[in-house]
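# Examining the three-dimensional arrangement
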Amino acid sequence: MSASGHKLTSETPPEAALRTIAASCRADLAKYREIVLQSRRPIGIHQARVALRRLRAAFSVFRPAVDSPEVRALSAEAKWLAGECGPARDLHVFLTESVVDVPPVVKRVGARLAASHLERARAALGSARYEAFDQRLAAFAAHPAPEVRGGLHLDEFGRHVLDSRHAKVVRRGRLLDKLSEEQLHRLRIGIKKLRYAATYLSPAFASPVAKPYIEATVRLQGALGALNDRATAARMLADIATASRPSEDTAPFLKVLARQASSGEKRRRRKLERTWKEFRKVERFWRA
């Protein structure tokens with residue numbers, strides 16, 4: 001990854017790497033923020049959330065080397081912004097990807113909710129609070145990292161972080177077929193953190209096996225996410241039920257959509273088991 005003309009290498013100090021990544025995330029957020037403010041195109045909300053998630057993940061990955069009140073404050077503001085954009089994205093995914101043949105009355109209620117969620121996201125992204133966050137993030141990204149003689153290089157730092165996160169995922173995934181929903185949720189969080197760490201730290205190793213490893217984490221996160229869709233669907237259905245007017249009898253249709261959203265459990269479990277085996281076989285690029 002590169003941003004602001006900086007390319008990450010094995011000798012890049014972790015703090016310099018974080019500032020480079022932060023600059024890249026800020027540029028993406030600014031680009032998609034404009035789409036959210038000026039149109040109803042779903043890509044705006046989706047990619048704004050991705051930029052915020054990437055930023056928060058970067059702060060988490062580099063926390064062992066770069067931890068300060070400023071970093072924690074920026075991470076907290078990114079979390080707030082992501083939370084304000086979340087409902088709009090979740091509802092869109094549910095109505096367009098999680099279920100099919102959505103009845104007109106449900107679409108009508110969903111459209112009202114979507115408009116409300118979009119206004120909430122626009123209010124946050126257009127606020128003075130956002131502007132203050134953006135200025136602080138710009139200052140952080142532009143500030144040169146102090147050079148520390150004999151300091152940690154990105155490859156050395158990366159091995160420690162990746163060893164730790166990989167081991168945590170393996171530990172959480174033991175007895176996969178017996179894991180509860182809560183345990184699967186924790187595994188999903190673990191694999192998401194590992195995926196971002198691998199993505200951000202792979203430039204330090206320039207290894208041909210980095211791409212297969214990252215792709216394996218992406219597939220595993222997707223399989224775990226599919227199992228988690230039921231929880232999101234239940235939340236979306238509850239929101240639609242609450243937003244329905246007395247003249248809008250959505251209850252029987254929501255029951256049908258609920259059954260639809262929760263179907264395919266065995267198929268999702270089989271896919272999870274398959275992607276888990278693939279992940280366990282892939283070579284750890286930072287130890288290759």
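Residues numbered from 1 in each chain as written. Predicted model: local features only at pLDDT ≥ 70, side-chain atom pairs only at ≥ 80, totals over all residues. Heavy atoms only, no water.

Within the element layout of this structure, Phe 205 appears in the loop between helix H7 (181–201) and helix H8 (210–243). As a C-alpha pair, Phe 205 and His 46 span 159 residues in sequence and 30 Å in three-dimensional space. Each residue touching Phe 205, except ones within four places of it in the same chain, is listed here: Asp 155, Gly 158, Arg 159, Leu 162, Phe 285 and Trp 286. (Helix = DSSP H or I, 4+ residues; strand = E, 2+ residues; numbered from the N terminus. Contact = heavy atoms within 4.5 Å.)

Take the environment of Pro 103 next. The residue Pro 103 is located in the loop between helix H3 (69–98) and helix H4 (104–125) in this model. Along the chain, Pro 103 and Arg 136 lie 33 residues apart, while their C-alpha atoms are 46 Å from each other. In this view, Pro 103 contacts Phe 253 and Leu 257; residues no more than four positions away in its chain are not counted.

Let's shift gears to the layout of surface pockets. Reported here for the largest pocket is a volume of approximately 1,500 Å³. Lining the largest pocket are 43 residues, and of these Arg 49, Arg 53, Asp 90, Arg 188 and Lys 192 lie nearest its centre. Those elements giving two or more residues to the lining of the largest pocket turn out to be helix H2 (42–61), H3, H7, H8 and helix H9 (251–262). Here the lining of the largest pocket takes 13 residues from H3, the largest share from any one element. Its residues assigned to classes, the lining of the largest pocket shows 14 nonpolar, 13 polar and 16 charged. (1 Å grid on protein atoms, 1.4 Å probe; cavity = no way out; pocket = protein on both sides within 12 Å on 5 of 7 lines; lining within 4 Å. Points joined across faces, edges and corners; volume = space filled by probe spheres on them. Nonpolar A, V, L, I, M, F, W, Y, C, P; charged D, E, K, R; others polar.)

Function cannot be read off these values alone, since they describe shape.
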